[in-house]
Amino acid sequence: ILLDFDGSALQTSEHPAGPLYDIQALLQPNTDGYYLKTIEAVEEQFSNTDGKSKRLFLLVNPAWRDRSSWGFFGGKKAQELIFNRYETTYAIDQFVVRGRKVSL
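Residues numbered from 1 in each chain as written. Predicted model: local features only at pLDDT ≥ 70, side-chain atom pairs only at ≥ 80, totals over all residues. Heavy atoms only, no water.

Visitor: How do you make sense of the packing of helix α1 (residues 33-45) against helix α2 (residues 71-83) when you look at a structure like this?
Guide: Packed helix pairs are specified by the crossing angle of their axes together with the interaxial distance, meaning the distance between the axes. Contact geometry for α1 and α2: axes closest at 11 Å, N-to-C directions at 25°. In terms of orientation, α1 lies roughly parallel with respect to α2. Classified by chirality, the crossing of α2 by α1 is left-handed. Residues L36, I39, E40 and E43 of α1 pack against G74, K77, A78, L81 and I82 of α2. Classifying every residue of the contact of α1 with α2 gives five nonpolar, one polar and three charged. (Axes fitted to C-alpha atoms, helices over the stretch in contact; angles between N-to-C directions. Helix = DSSP H or I, 4+ residues; strand = E, 2+ residues; numbered from the N terminus. Parallel < 35°, antiparallel > 145°, perpendicular 65-115°, else oblique. Left-handed = near helix turned anticlockwise from the far one by under 90°. Contact = heavy atoms within 4.5 Å. Nonpolar A, V, L, I, M, F, W, Y, C, P; charged D, E, K, R; others polar.)

Visitor: Please clarify how the nonpolar core should be interpreted in this entry.
Guide: Inside soluble globular proteins, nonpolar side chains tend to come together where they are buried. The biggest cluster of nonpolar side chains holds 13 residues, and the ones touching the most others in it are L26, L36, I39, W70 and I82. When residues of this core are traced back to their parent elements, those giving at least two are α1 and α2. Per-element accounting of this core gives the leading share, four residues, to α1. (Core = buried A, V, L, I, M, F, W, Y, C linked by side-chain atoms within 4.5 Å. Buried < 20%, exposed > 50% of the residue type's maximum accessible area, 1.4 Å probe, protein only.)

Visitor: Please clarify how the packing of aromatic side chains should be interpreted in this entry.
Guide: This structure, assessed with the given rule, holds four aromatic pairs. Between W64 and W70, the aromatic rings sit 5.1 Å apart at their centres with planes inclined by 50°, giving tilted as the arrangement. No difference in accessibility class separates W64 from W70, as the two residues are buried. (Phe/Tyr/Trp six-rings, centres within 6.5 Å; stacked < 30°, edge-to-face > 60°.)

Visitor: What is the right way to read α1 from this model?
Guide: Note: α-helices contain 3.6 residues per turn, so residues at a spacing of three or four share the same orientation. When the terminal C-alpha atoms of α1 are compared, their 19 Å separation across 13 residues agrees well with the 18 Å that a helix rising 1.5 Å per residue should span. What α1 keeps buried is the set Y35, L36, T38, I39, V42 and E43. Within α1, the buried residues cover an arc of 160° as seen down the axis, which keeps them to one side. Opposite the buried face of α1, by more than 90 degrees, sit the exposed residues K37, E44 and Q45. Two or three places before Y34, at the opening of α1, D32 has a side-chain oxygen 2.7 Å from that residue's backbone nitrogen. (Expected span 1.5 Å × (residues − 1). Arc of directions from axis to C-beta. Polar contact = N/O pair within 3.5 Å; in protein donor to acceptor, adjacent residues only side chain to side chain.)

What follows is the structure, given as structure tokens:
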């Protein structure tokens, strides 16, 4: 599903062998409160929630660094919903040195 207002996407892949091999990914979501609601909805239906089949849910956004990325109003909820619960498994850091972008 391409989210038409900002180019983000919600991708789902269901495996014939069952939910343990399913994947759902939220790609490039911004810090709008809409995405916090989307994450909650996906977790209710799809992810590794108590009493439900284990499934992989990926959150992919290089701009989410910490609570401050969400600003004053969304920071607390983002901390509780995302940063306190999801482990960073791959991270790339980008910064500018002498006018050139460097990625680590």
